[in-house]
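Residue-level structural notes
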Amino acid sequence: KNLIRNTYVYMMVTGYSLALVFLVFYCRYMAHSYNFFLFPATFGQMDSEFSFQAFSIKFLTHYGFDFNKFLKDGIPYMNEAQEKKLQKGLLSGNWVVHSVIDKDKVKKVIDEVTCWMSFAEEGESMVLHDIYGFQMFEIQLVLRQALQDIWTVPLGSQEVMVKKISPRERWLLENTFYDSCRREQILISARGFTNLFHTLVKAKKPLVGHNMLMDLLHLHDKFYNPLPEDYEEFKKNIHTLFPILIDTKNVAKAIWKEFQFPQASNLLEVYEVLCSDMNPTNATCPEVFHASDCLRYATKKSPHEAAYDAFLCGSVLLKTAHLLLCRISCDPARTSSSFSQYLDVLAAYVNQVNLIRARVQKINFSGMDDCTNRPPLLIAKVRGWPSVTTQQIYQELRIHCRFDVQQLGKNQFLLFSNKFKEYVIRLLIVAFNCFCPAIKAFQ
């Protein structure tokens, strides 16, 4: 648990997606799907350290992720702990610019305004150009702090007007709702995507995801508060924020066993099976179509693009719920169902989030987790095979069983499998000891 927490503290969120699904008529739903490119706020003393995995970069590149948009135009965000630090800096009245790039820009602006001020008359103004992002706030804060007889007003998104005024007029302007540098206005801008997070929390609508534990960890850490050390506290916090969670991965796993659907290794494959004739209720399933501003998804599949995956997730939820409802009513031709009925039939899966490579299969965010029901982990210790890799171990074992392999230490590897009963794994241990003398496996 601590390993997961410590890992996610430094993991980067490149974006989030949201699909808002509305019932428009009978069994027809319309999905508004959105992509949000995110980049942590760098403002005042705020800065973030993060890490990338090379595999993740290759994965995103393969599926056409726009790194330029992410780095240059990413929406800022912050959690409550970061917001408190920012508020403290704003309340101190002593604003300091920390970014080297912004320092150079501010120095240039101060020199320009100071030179102009020596000749300007009261009521005259000048315009500063090429001001981007949070520079818009920082330049105004620093200028107002340094010069008591000026006022600043943004002109569009990249210009600021500086006007020479009297001290009394300055005092009056500082106490108006129209001040662009009001503390509340700065906080709204710095929160960025976190404002949307707060809206979702207040709405208390069902939050649906697919294999969504990673999403919940990031939602807590990046937009609410740093991940707590206590596991139960994390569960309690998430349940308070989002009282109704539905993980379509968890729902699909149960349905796949019962209806003997072919194996589906990702969300798109799950969706395609449910949209095919293999689904006995496909003809009567609710239809989910794209809104007019998302029609490109109607003609082109875009797996692993966040907004498209969000659409798939909402569709899978409705189709699996319809399948379960038809099974209960013993009426595969049933067409008239309300969303509340779908929620009722999904009650057993609410707040049960899928977990991989762990002793339990899911996390219960509204109660106690189930007892351990997965086979113990296996450790493979390799002898007489220096510099062996995880891929080599995988190739050696695959003829017996499809294990996931992870390096534990020098010549030691963890083996993961959730497809075999404990007695099968014990038999495999014997087989490996007999036929793979270089590998000794033990519990």
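Overview of the structure.

Cut-offs applied
Residues numbered from 1 in each chain as written. Predicted model: local features only at pLDDT ≥ 70, side-chain atom pairs only at ≥ 80, totals over all residues. Heavy atoms only, no water. Helix = DSSP H or I, 4+ residues; strand = E, 2+ residues; numbered from the N terminus. Contact = heavy atoms within 4.5 Å. Areas by Shrake-Rupley, 256 points an atom, 1.4 Å probe, with all protein chains shown as cover. Phe/Tyr/Trp six-rings, centres within 6.5 Å; stacked < 30°, edge-to-face > 60°. Buried < 20%, exposed > 50% of the residue type's maximum accessible area, 1.4 Å probe, protein only. Lys NZ or Arg CZ within 6 Å of the ring centre and 35° of its normal. Pairing = 2+ DSSP bridges. Axes fitted to C-alpha atoms, helices over the stretch in contact; angles between N-to-C directions. Polar contact = N/O pair within 3.5 Å; in protein donor to acceptor, adjacent residues only side chain to side chain. Core = buried A, V, L, I, M, F, W, Y, C linked by side-chain atoms within 4.5 Å.

So, about the overall build of the protein chain. For the protein chain, the count of helices and strands is 18 helices and 14 strands. Across the protein chain, the fraction of contacts at a sequence separation of at least 24, relative to all contacts at a separation of at least 6, is 65%. Total accessible area computed for the protein chain in this model is approximately 24600 Å², and 56% of it derives from carbon and sulfur atoms.

Counted by the stated rule, this structure contains 21 aromatic pairs. Here F65 and F70 contribute two aromatic rings whose centre-to-centre distance is 5.9 Å and whose plane-to-plane angle is 55°, an arrangement assigned as tilted. This pair shows no difference in class: F65 is buried, exactly as F70 is. Ring centres of F193 and F223 lie 5.3 Å apart, and the angle between their planes is 50°; on these two criteria the pair is classed as tilted. Note that F193 is positioned in helix α9 (residues 193–203) and F223 in helix α10 (residues 213–224), a separation of 30 residues in sequence. An aromatic cluster is built from Y16, Y34, F36, Y77, F193, F197, F223 and F242, whose rings are joined through pairwise contacts. One cation-aromatic arrangement involves R144 over W151; the distance from NZ or CZ to the ring centre is 3.8 Å. In this arrangement the basic side chain of R182 is found over the ring face of F177, its NZ or CZ atom lying 4.4 Å from the centre.

Turning our attention to the sheet that holds strand β3 (residues 125–128). Read across the sheet, 3 strands follow the order β3-β5-β4 without closing on themselves; strand pairing throughout is antiparallel. Each having just a single partner strand, β3 and β4 (150–155) make up the two edges of the open sheet. Averaged over all neighbouring strand pairs, the angle between strand axes comes to 25°, with direction disregarded. Alignment of β4 against strand β5 (residues 159–164), held across 6 bridges, turns out to be antiparallel. By the bridge assignment, T152 is partnered in β5 with V162.

Relative to the helices and strands, K222 resides in helix α10. Accessibility expressed as a relative area gives 7% for K222, which makes it buried. Here the side chain of K222 touches D221 through a polar contact of 3.0 Å, side chain to side chain.

This part takes up the environment of M136. Following the sequence through the fold, M136 ends up in helix α6 (residues 135–146). When the C-alpha positions of M136 and S180 are compared, they lie 9.8 Å apart, and in sequence the two are 44 residues distant. Not counting residues within four places of it along the chain, the set of residues in contact with M136 comprises I131, P154, G156, S157, Q158, E159 and V160.

In space, the 3 strands of this open sheet follow the order β1-β2-β8, with mixed pairing throughout. Here the strands that pair on one side only, and so sit at the sheet edges, are β1 (15–25) and β8 (287–290). Direction aside, the axes of adjacent strands within the sheet are offset by 30° on average. Packing of helix α15 (residues 306–329) onto the sheet brings it into contact with β1, β2 (28–37) and β8, and relative to β1 it is tilted by some 45°.

Take the pairing of β1 next. The pairing of β1 with β2 spans 10 bridges and is classified as antiparallel. In the strand pairing of β2, L18 is matched with Y34. Joining the antiparallel neighbours β1 and β2 is a turn of 2 residues, in which Y26 adopts a positive phi near 50°.

Ranked by internal contacts, the top residues of the largest apolar core, which has 35 residues, are W256 and L346. Secondary-structure elements contributing two or more residues to this core are β2, α12 (248–259), α13 (267–274), α15 and α16 (339–345). At 12 residues, α15 tops the list of elements feeding residues into this core. Residues within four places of L346 in sequence aside, it is in contact with I246, V251, L317, A321 and L324. If you look at the next biggest cluster of nonpolar residues, it comprises 33 residues, including V13, Y16, L219 and L355.

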